[in-house]
Structures are given as C-alpha cells and as structure tokens.
Amino acid sequence: MLGLALLAGLTAPAATTATAAGAPPAPTVEEQRLDRAAPREILRRSGFDAVAPEFSRALARARSFAQAHRVVAHEGTRLWRRAVDRAQGRGPAGGDLTRDDDRPLYWARLALTRELRLWQPEFGIDARQRAALVDALEDTSRGRTDLRLPRVSGGVRRVLLTGFDPFTLDRDVRISNPSGASALALDGTVIETADGPARVETVVFPVRWQDFTDGAVERTLRPVLPRVDLFTTVSQGRVGRFDIERTNGAWRGGFPDNDNVGRTETIPVPDAASQPQWTTTTLPYARIVAADTGRFPVYDNTSVTEIPAGGTAPVVRPDGPTPGSTARAGGGGDYLSNEIAYRATLLRDRLGLRDRLPGGHVHTPVLQFGAGNTDPATGAVTDEEFVRNRLDIIAQVREILRAAAEGS
C-alpha cells in the first residue's frame with residue numbers, strides 16, 4: 001500500500017514548460033534554518049554536507065517527471081539507509097560527530113526538500129507534481145517505505161517504534177531528539193527477550209501539524225499495525241525521566257511546530273462523529289515501570305487535563321479523565337507527541353486490535369547538553385555529556401522495548 005501511494009504521483013500530467021509551471025515556491029521556515037552555522041557544522045562534521053549537491057546533480061539529469069520521481073525515491077531511500085547504517089556502525093562515520101547523532105539525517109533531508117522546492121527543470125513541473133516529489137522524499141527518507149515486517153512472524157515478534165525530528169529549533173538550533181536517535185539505532189535490529197527474539201522496525205515523523213492533519217500517521221500505520229505484535233510511539237518529554245503515558249487526549253494546544261505554525265483545536269481525524277475524547281495505552285506499563293531498564297526513572301503517568309462534564313474550565317486530574325469530560329491534555333500534553341499517541345491508539349482500536357495489540361506512548365528524558373554548554377549562540381554542537389545522555393536514553397529505550405515485549 002505504501003508503494004502504491006508512492007507511485008501514484010507518476011500519473012500526474014507534466015507541465016510542458018517551466019513558464020507554465022510558474023515560479024518555484026520559497027523555502028519553508030524549517031528549511032531556512034539550514035543557513036545557520038550549527039546546521040552547516042553538523043552536516044560537515046558527519047559528511048552529510050555532500051548529500052544535497054549529489055541530489056542536485058542527479059535531479060539535473062532527469063528529463064521527465066517520471067524520471068525525477070525515480071531519482072527522488074532512490075535518493076530518499078539512500079539517505080534513510082545511510083543514516084541507519086551510520087547510527088549502527090556500518091560504513092564510514094564521515095566525520096567526528098558520534099554515530100548516535102540523529103541530526104545529520106534531519107538537516108540533510110531539509111537540504112533535499114529545499115533543493116526540490118527551488119528546482120526548475122527544463123521540462124517544467126506544476127505545483128501538484130512538485131508536492132508529489134516532496135511527499136516521495138518524505139516517505140522514503142523517513143523509513144516509511146522501508147518497513148520490513150513479514151506477514152508471518154516465524155517465531156520472531158514484530159515491534160514498531162516511531163520517533164520524531166528535533167524541534168524548538170528557534171530556541172536552540174543545535175537540538176537533537178533522542179526519539180529520532182533511538183529510531184535510527186534500533187531500525188532492523190533484533191532484541192533477545194525471555195520469550196524469544198523481537199525484530200524492531202522504525203520510522204521518524206516530522207514535527208509539523210499539517211502533516212498530521214493530512215493523515216501521515218494513519219497512512220503509515222494502517223497497513224502495518226495488523227502485522228505487528230507491539231508498537232510504541234516515542235518522543236522527548238520531561239527532564240530526567242521516562243514516562244509511559246496512560247491516556248491520550250483529543251486536543252491540540254497550539255504550541256508552534258517546526259514551521260512556526262500553531263493549531264488549537266480538536267485533533268482532526270476521519271469519522272469525527274465517532275471520535276472519542278480519550279484513548280488509552282495497552283502497553284504493559286506496570287511491568288515496564290518495575291523493570292530495571294536504565295539510569296533514568298520510569299513512571300506510569302496517569303495525569304490528564306480535562307473540562308469536566310458540565311464544566312467550562314480545565315482541571316488537572318492526577319488519576320485520569322472522569323466520565324463525559326472533554327480533553328485538554330493527555331498525559332503527554334497537548335502537542336504532537338500526544339497527538340501521535342492518540343492517532344496511533346485510536347487507529348489500533350478502530351482496526352479492532354485493542355484486545356490483542358499492546359501499544360502506546362513512551363516519553364524519553366529531555367536530551368541535555370553539558371553544564372558548561374548551554375548557550376545556543378556560543379555553545380558547541382556536541383559535548384561528552386550530551387553524547388552520554390543520548391546513548392543512555394537509546395539504551396534504555398531498547399530495554400523498555402524488551403520489558404514491553406516480555407510482558408505482552
């Protein structure tokens with residue numbers, strides 16, 4: 001299904017001239033951050049600074065929209081595999097940034113999407129075709145088309161994990177996201193559990209409201225959830241702790257995304273008439289919390305914020321929502337981390353998998369720089385404590401998956 005969706009853009013009629021296609025769109029707010037010093041340094045120190053020039057040369061050889069689509073799909077897949085291989089110690093590191101770093105993939109992908117937006121081929125493309133190429137690049141470079149889940153497990157448990165891009169980049173453009181780093185480190189790996197081996201497949205999602213509104217989560221997960229034995233969405237959460245989020249709420253709180261766009265509304269999903277205010281985890285949270293998974297404490301987080309039935313003002317409920325209440329924040333808040341958990345668990349339930357598929361959301365600790373490296377304007381893009389924290393979080397995510405697989 002993912003392959004068919006990717007190839008759908010090939011049927012789009014091509015514009016005949018560059019003039020007919022009109023001027024290319026401007027780079028997005030997210031892409032414009034590429035011009036800052038830290039992203040350029042991250043790309044250079046990982047060897048990913050060569051990705052965009054190579055992509056531009058490959059695009060220049062395309063003589064039709066169909067050829068361009070093939071180039072984009074190939075280069076997007078190549079970028080994802082290169083990032084996974086680097087994270088897992090295969091091939092050259094390409095520079096002195098440690099291999100656990102998720103940021104080279106993030107900034108290199110933006111460099112490619114910016115190339116696509118500015119590209120003006122002689123054969124001409126219209127806005128719909130350009131958008132189809134960007135979509136193809138997003139799908140392939142995020143691992144969406146690389147999910148290798150056999151329909152029959154053959155005794156190997158199948159685990160799906162999702163991560164996120166870095167975010168709050170205007171506050172500190174050096175930021176890494178340990179959920180994305182975990183996705184790269186764990187993709188395609190096998191975890192040995194007391195109940196047998198578990199194979200992990202991963203994808204990384206953007207921090208953009210519009211992608212979620214357009215159904216990116218559902219398009220990615222709908223063909224996959226019936227074929228897995230366990231799933232967890234993962235994002236960066238609170239300082240110094242992991243949280244297994246018990247309840248997810250149907251509300252967007254408006255915090256700006258990576259394009260500096262905010263949305264304050266009920267989460268838009270298909271069949272809104274049957275949309276619940278709350279969804280719940282089916283992860284074995286008690287077992288995960290009790291397990292010795294690493295140096296950070298792990299909590300079963302039951303708190304939510306609701307408007308009680310008949311009320312008008314939000315109320316924090318430490319023990320979960322009350323009957324008939326309206327969601328204002330799940331345990332994981334009201335941002336895209338809560339939204340991916342809500343969408344994934346709602347899809348689980350609508351597919352009739354609630355009683356047999358463990359799934360929910362894990363919040364990692366905030367990934368922090370060392371004590372002397374806190375000024376975004378003058379600080380280094382990496383340091384020893386930053387790397388140690390990220391490695392420890394990745395290792396603990398792996399152990400949480402092990403505990404979850406053994407308890408399901």
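Residues numbered from 1 in each chain as written. Predicted model: local features only at pLDDT ≥ 70, side-chain atom pairs only at ≥ 80, totals over all residues. Heavy atoms only, no water.

Our focus in this paragraph is unusual backbone geometry. Its identity as a non-glycine residue notwithstanding, N260 has a phi of 60°, on the positive side. Relative to the assigned elements, N260 resides in the loop between β7 (251–253) and β8 (264–266). For N260, a relative accessible area of 44% gives the class partly exposed. Although it is not a glycine, D271 adopts a positive phi angle of roughly 55°. On the secondary structure map, D271 appears in the loop between β8 and β9 (278–280). (Helix = DSSP H or I, 4+ residues; strand = E, 2+ residues; numbered from the N terminus. Buried < 20%, exposed > 50% of the residue type's maximum accessible area, 1.4 Å probe, protein only.)

Ordered in space as β2-β3-β1-β4-β14-β5-β10, the 7 strands form an open sheet in which the pairing is mixed. Edge positions in the sheet fall to β2 (190–193) and β10 (298–301), since each of these pairs with one other strand and no more. Between one strand axis and the next, the sheet turns through 25° on average, direction left out of account. Inspection of the sheet shows strand β5 (residues 242–245) paired to β10 by 4 bridges, in the parallel sense. The partner of F242 across the bridge, within β10, is V298. Strands β1 (157–164), β2, β3 (196–205), β4 (230–236), β5, β10 and β14 (359–364) of the sheet are contacted by helix α14 (residues 384–406), whose axis makes an angle of about 50° with β2. (Pairing = 2+ DSSP bridges. Axes fitted to C-alpha atoms, helices over the stretch in contact; angles between N-to-C directions. Contact = heavy atoms within 4.5 Å.)

Attention shifts here to the pattern of salt bridges. By the definition in use, this model includes 41 salt bridges. Across the salt bridge formed by E41 and R45, the nearest N and O atoms sit 2.7 Å from each other. When its relative accessible area of 25% is taken as the criterion, E41 is described as partly exposed. Of the charged contacts, one joins R287 and E406 as a salt bridge, the two residues approaching to 3.5 Å between their closest N and O atoms. Of the two residues, R287 is situated in helix α12 (residues 285–290) and E406 in helix α14; the sequence distance between them amounts to 119 residues. For R287, a relative accessible area of 41% translates into the label partly exposed. You can call E406 partly exposed: its relative accessible area is 21%. (Salt bridge = Lys/Arg side-chain N within 4 Å of Asp/Glu carboxyl O.)

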